[in-house]
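# Close look at the chain arrangement
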Amino acid sequence: MSGHILILVENLSVPFDRRVWQESRALVDAGHRVTVICPMGGKQDREPEVTIDGVRILRYPLRAATGGPAGYLREYSLALWHTLRLAWRVRREGPIDVVQACNPPDLLFLIALVLRVGGTRFVFDHHDLVPELFLSRFGGAGPLYRVSKLLERVTFACADAVISTNESYRQVAITRGRMAPDLVTVVRSAPDLSKFIARAPDPELKRGKTYLGAYLGVMGPQDGVDYALRAIALLRDKLGRTDIHFIFMGSGDAFDDLVALSGELGLGDLVEFTGRVSDEFLQTCLSTADICLSPDPRNPLNDVSTMNKVVEYMAMSRPLVSFDLTEARVSAGAAAVYVADNDELGFAEAIAELLDDPARRDRMGSLGRARVERELSWDTSRKNLVDFYARVLRARNAAR
């Protein structure tokens, strides 16, 4: 049973948004027609309209928010207008069976309500806990926090079904969102193991050091790269370790500030920022790395969110150091060393302990890879997604 699925995403371009791209490809492979509406990227994904691997992508220009909450209001207002404009264009071309809205923000239900007049079902793909995101970024529980809780509640109330990224998010949908359990399905963000393959290590990446540490991922205010940099400074200053080089792969709206912080801490001979990298470089770097870093600090959002980098490190058989987060433990298990209370010195000490125990590093890496192959790969998530859509479309046809 096939259908036309319209996917809405605001915070990243596609196919740069790996989760949305994997979902889109999986649905096309299952026989569905898929259209994606998203913003243009900064340096990539600039074409207004393109079809890639059977996925039609419509993009609009959008500048990321700056200047605090007022900047987000400007960004989201513009994004809503462009998304509505393009969604209505798609609707005029023919019927849409399901609209899948990926948050943040929790405002895309407005587009779904417009399309519902034609019988379109609304699936909420729950990427982020926006109320916790506000608490983590801005602190306190002021008016914006209360508005974010209201918008989340309305989004759940409008949704016909929900995709959750992990079991913690699923419980939020059931309890806070008051969704029936059988309408909420977990589709984890998971690595495609065909893209995470071991390569020959490149000793040149260690820049003359004995060891290599690696970070892979987004560099935003809540991603904890600043914690990692301060931990590296403590590793040098308190523990006397200068025998490891660190490569930070990725970008984000805190990138320039983090490069500046590295300079302030005098880490020029220990830390390297690459920006976005090719798949080949990523595979080579992680194949060379002795340890990997997951420095997301414990806060209301991070504690219950699944970090893509954790599972990607595991897919490459790398041990990792992480702060002690609920969902980090669910994902990594024994493949990680956990540091309590956002303790930067403890993070540095955990790095040093792993460097001095190669047998433990090998054991942790093997356990992580086996867990991904057994439970956490995209193969498992793809099946959950395709089965979920079969149920949604059956329900839509029955309602007709």
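Scroll up a little and you will see the structure.
Each value, and the rule that gives it
Residues numbered from 1 in each chain as written. Predicted model: local features only at pLDDT ≥ 70, side-chain atom pairs only at ≥ 80, totals over all residues. Heavy atoms only, no water. Buried < 20%, exposed > 50% of the residue type's maximum accessible area, 1.4 Å probe, protein only. Helix = DSSP H or I, 4+ residues; strand = E, 2+ residues; numbered from the N terminus. Pairing = 2+ DSSP bridges. Right-handed = clockwise from strand over helix to strand, strands pointing away. Axes fitted to C-alpha atoms, helices over the stretch in contact; angles between N-to-C directions. Contact = heavy atoms within 4.5 Å.

### Focus: the pairing of strand S9 (residues 211-216)
Of all six residues in S9, six are buried, a share of seventy percent or more. Of the two faces of S9, the one carrying Tyr 211, Gly 213 and Tyr 215 and the one carrying Leu 212, Ala 214 and Leu 216 are both buried. Judged from the six bridges that link them, S9 and strand S10 (residues 244-249) form a sheet pairing that is parallel. Bridge assignment links Tyr 215 to a residue of S10, and that residue is Phe 248. For the crossover that starts at S9, traverses helix H7 (residues 225-237) and ends in the parallel S10, the hand is right-handed. The sheet contact formed by S9 and strand S12 (residues 291-294) spans two bridges and is parallel. Considered in S12, the bridge of Ala 214 is made with Cys 292.

### Observations regarding unusual backbone geometry
Most peptide bonds adopt trans geometry, and most residues besides glycine take a negative phi value. Of the consecutive residues Val 14 and Pro 15, the connecting peptide bond is found in the cis state with omega at 15°. With respect to the helices and strands, Pro 15 occurs in the loop between strand S1 (4-9) and helix H1 (18-29). Cis peptide bonds are those with omega within 30 degrees of zero, and the linkage from Asn 103 to Pro 104 qualifies with 0°. Looking at the secondary structure, you find Pro 104 in the loop between strand S5 (98-102) and helix H3 (109-116).

### With respect to the sheet that holds strand S14 (residues 336-339)
Strand pairing in a sheet is mediated by backbone hydrogen bonds. Such pairs are either parallel or antiparallel. One open sheet holds the six strands; their spatial order is S11-S10-S9-S12-S13-S14, and the pairing between them is parallel. For this open sheet the edge positions go to strand S11 (271-275) and S14, each flanked by a neighbour on one side alone. Between one strand axis and the next, the sheet turns by 25° as a mean value, whatever way the strands run. By the bridge criterion, four bridges tie S10 to S11 in an arrangement that is parallel. In the sheet register, Ile 247 faces S11, and the bridge partner there is Glu 272. Most of the contacts of H7 go to S10, to which it runs at about 170°, and overall it touches S9, S10, S11, S12 and strand S13 (320-323). The strands touched by helix H12 (residues 344-355) within the sheet are S9, S10, S12, S13 and S14, with S13 carrying the most contacts at an inclination of about 160°.

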